[in-house]
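Residue-level listing of the chains:
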Amino acid sequence: AGLVVIHTVASPPSVAPFGGTSPALGTNPIAFGFPTEGDPLVIDMGTSAFMGTDLQFRDRMGIPIPEGVALGPDGRPTTDAHVARQGTLLPFGGKEGGYKGFGLALAMDALGALTFGLRPESGVSGYLFIAFKPDLFLPLDEYRREVTRRIDTIKANPPQEGVAEIRIPGERAYRTRARLLQEGIEIDLKIHQA
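Just so it is clear, the model here is predicted, and its values are computed rather than measured.

**So, the overall build of the protein**
Here is step 1: In terms of regular secondary structure, the protein is built from six helices and six strands.
Here is step 2: Reading the protein from its N terminus to its C terminus gives the helix and strand order β-β-β-α-β-α-β-α-β-α-α-α.
Here is step 3: For the protein, the spread of C-alpha atoms along the principal axes amounts to about 55 × 45 × 40 Å.
Here is step 4: When each of the 194 residues of the protein is scored for burial, the buried share is 29%.
Here is step 5: Partitioning the intrachain contacts of the protein with sequence separation of at least 6 by distance along the chain shows that 52% fall at a separation of at least 24.
Here is step 6: Per element, the accessible surface of the protein, about 12,700 Å² overall, is 58% carbon and sulfur.
Here is step 7: Computing the positive centroid from 19 side-chain charges and the negative centroid from 22, the protein places the two 1 Å apart.

Here you go:
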């Protein structure tokens, strides 16, 4: 609605620290929202190599997870979603760059610690919302126009071989939403019954 929003969650432990083998941090998602001249620019990402909700879904459906995103309770890599839920997810970035996801998860955890006096001592969750009005800096229409111009410039970047288009975060979700509003949503019977 014309606000710039930053949101994060410090969630219960389900992700190992970089180099670790047991849960110490949450998936600790980070989200940003920016007004544009069209659909808002929404960037929403977790700090883990695989999303916890997708892990739960795959466990329920018996679908394997990708390699390199989780460890079983024995500290060994696994592609079995059920075993991974008993173990730990890994931070995003892989074996070489996992310190990046770990660093962001730790930062979100530290921001969540701001709620320490407002939750049970055993709880580790916390939410942080930051919102500000762009028109404190420049007129809202100018801000929307500038963000839209920057997105257009990025989308015009020559794509690598085999890449059809440069997609902006959230763009696929907007397209999917529009399509599903027309076609409806199909829900697996197993999920529906659960």
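**Quick notes on the sheet that holds strand 1 (residues 4-10)**
Here is step 1: The four strands lie next to each other as 3-2-1-6, forming an open sheet whose pairing is antiparallel. The sheet is open, and its two borders are formed by strand 3 (41-45) and strand 6 (126-132), each paired with just one other strand. Adjacent strand axes in the sheet meet at a mean angle of 5 degrees when their direction is disregarded.

**Here we look at the environment of L140**
Here is step 1: Locating L140 in the fold gives a position in helix 4 (residues 140-155).
Here is step 2: On a C-alpha basis, the gap between L140 and L114 in space is 31 Å, while along the polypeptide they are 26 residues apart.
Here is step 3: Beyond its immediate chain neighbours, meaning those up to four positions away, L140 contacts G2, P35, P134 and D135.

**What to know about helix 3 (residues 94-112)**
Here is step 1: If you check which residues of helix 3 are buried, you get G97, G98, G101, A105, M108 and G112.
Here is step 2: Packing partners of the buried residues in helix 3 comprise strand 1, strand 2 (30-34) and strand 6.

**Things to note about the pattern of salt bridges**
Here is step 1: Counted according to the given criterion, the structure contains nine salt bridges.
Here is step 2: Where R58 meets D54, a salt bridge forms, and the shortest distance between an N and an O atom there is 3.5 Å. Here R58 pairs with D54, and both are found in helix 1 (residues 52-61), just four residues apart, close to one helical turn.
Here is step 3: You can call D54 partly exposed: its relative accessible area is 27%.
Here is step 4: Linking E146 and R150 is a salt bridge whose minimum nitrogen-to-oxygen distance equals 2.7 Å. Pair noted here: E146 and R150 are both in helix 4, with a separation of four residues, about one helical turn.
Here is step 5: Of the residues examined, E146 reaches a relative accessible area of 25% and is grouped as partly exposed.
Here is step 6: What you see here is one network of salt bridges that share partners, running through K155, E165, E171 and R175.

**Focus: the environment of E183**
Here is step 1: Topologically, E183 is positioned in helix 5 (residues 171-183).
Here is step 2: Here E183 falls in the exposed class, since its relative accessible area comes to 57%.
Here is step 3: Sequence spacing of E183 and R85 is 98 residues, and the spatial spacing of their C-alpha atoms is 33 Å.

**Re unusual backbone geometry**
Here is step 1: Backbone geometry at N28 places phi at a positive 35 degrees, although glycine is not the residue there.
Here is step 2: Inspection of the secondary structure assignment puts N28 in the loop between strand 1 and strand 2.
Here is step 3: Taking relative accessible area as the criterion, N28 reaches 0% and is therefore assigned buried.

**Examining the packing of aromatic side chains**
Here is step 1: Under the criterion given, the structure shown has three aromatic pairs.
Here is step 2: Ring plane angle 10 degrees and centroid distance 6.3 Å describe the contact between F32 and F34, whose orientation is recorded as stacked.
Here is step 3: Each ring, one from F132 and one from F137, has its centre 6.1 Å from the other, and the planes form 80 degrees; the classification is edge-to-face.
Here is step 4: A relative accessible area of 31% places F132 in the partly exposed class.
Here is step 5: Of the residues examined, F137 reaches a relative accessible area of 66% and is grouped as exposed.

Thresholds, definitions, all that
- Residues numbered from 1 in each chain as written.
- Predicted model: local features only at pLDDT ≥ 70, side-chain atom pairs only at ≥ 80, totals over all residues.
- Heavy atoms only, no water.
- Helix = DSSP H or I, 4+ residues; strand = E, 2+ residues; numbered from the N terminus.
- Buried < 20%, exposed > 50% of the residue type's maximum accessible area, 1.4 Å probe, protein only.
- Contact = heavy atoms within 4.5 Å.
- Areas by Shrake-Rupley, 256 points an atom, 1.4 Å probe, with all protein chains shown as cover.
- Lys, Arg positive; Asp, Glu negative; His and termini not counted.
- Charge placed at Lys NZ, Arg CZ, Asp CG, Glu CD.
- Pairing = 2+ DSSP bridges.
- Axes fitted to C-alpha atoms, helices over the stretch in contact; angles between N-to-C directions.
- Salt bridge = Lys/Arg side-chain N within 4 Å of Asp/Glu carboxyl O.
- Phe/Tyr/Trp six-rings, centres within 6.5 Å; stacked < 30°, edge-to-face > 60°.

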